Amino acid sequence: MSGKRQDQSPCPEPSAEPVAFLDGQQITNTQCGQCGTEIAGVNGRYACGVCGWTNHWSEGNRPLPTAADDVQT
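Since the structure is predicted, the reported quantities are computational estimates derived from the model, not experimental observations.

So, how was this worked out
- Numbers given for residues are sequential positions, taken from 1 along each chain in its written order.
- Note on the predicted model: pLDDT of at least 70 is required for a residue's local features to be given, and 80 or more for side-chain atom pairs to be given and counted; whole-chain, interface and lining totals, by contrast, use all residues.
- Side-chain metrics rest on all non-hydrogen atoms present in the structure, leaving aside hydrogens and water.
- Strands are runs of DSSP state E lasting at least two residues, helices are runs of H or I lasting at least four, and both sets are numbered from the N terminus onward.
- Contacts were defined at the residue level, with two residues in contact if any of their heavy atoms lie within 4.5 Å.
- For every accessible area listed, the method is Shrake-Rupley and the probe measures 1.4 Å; residues are considered covered only by the protein chains on display.
- Two strands pair under a simple rule: DSSP has to find at least two bridges between them.
- Buried means the residue's accessible area, taken with a 1.4 Å probe over protein chains only, is under 20% of the maximum for its type, while exposed means over 50%, and partly exposed covers the values in between.
- Any pair of N or O atoms that falls within 3.5 Å is considered a polar contact. Within protein, one atom must be able to donate a hydrogen and the other to accept it, and sequence-neighbouring residues count only if both atoms are side-chain atoms.

Asker: Before we move on, can you summarise the overall build of the chain with the specific residues and values?
Answerer: Helices and strands together make up the secondary structure of the chain, namely 1 helix and 2 strands. Sequence-distant contacts, at least 24 apart, represent 9% of the contacts inside the chain between residues at least 6 apart. Total accessible area on the chain stands at roughly 6400 Å², and carbon and sulfur atoms take up 53% of it.

Written out as structure tokens, the structure is:
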């Protein structure tokens, strides 16, 4: 096998819908409600990898998407 790299096509441009969705997400930090470990979550929803604690889904910073928001592609 030669040491020459094969040309690779450039990555396609991202679709507008997923980019818009990701732009609306915010990474947040807090302490675990059970063991005190510093944890990160998305929009105020957390799960601790150390002890397994999770906060209730309704405690997030923003409402969760509905089934109508799930666009079928």
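Asker: Describe the pairing of strand S1 (residues 27-31), and please don't skip the residues or the numbers.
Answerer: Bridge count between S1 and strand S2 (residues 38-42): 5 bridges; the pairing is antiparallel. The residue of S2 that forms the bridge with Thr 30 is Ile 39. Counted along the chain from S1 to the antiparallel partner S2, the turn is 6 residues long, and its residue Gly 36 has a positive phi close to 85°.

Asker: So, the side chain of Asn 43: which residues are in play, and what are the values?
Answerer: The topology assignment puts Asn 43 in the segment after S2. Asn 43 has contacts with Gly 24, Gln 25, Gln 26, Thr 28, Gly 60, Asn 61 and Arg 62, leaving out every residue within four places of it along the chain.

Asker: Can you explain the side chain of Thr 28? Please cite residues and give values.
Answerer: Here Thr 28 lies in strand S1. Using a relative accessible area of 11% as the deciding quantity, one classes Thr 28 as buried. One polar contact links the side chain of Thr 28 to the main-chain amide nitrogen of Gly 44, over a distance of 3.1 Å. A polar contact of 2.8 Å, which involves the side chain of Thr 28, links it to the side chain of Tyr 46.

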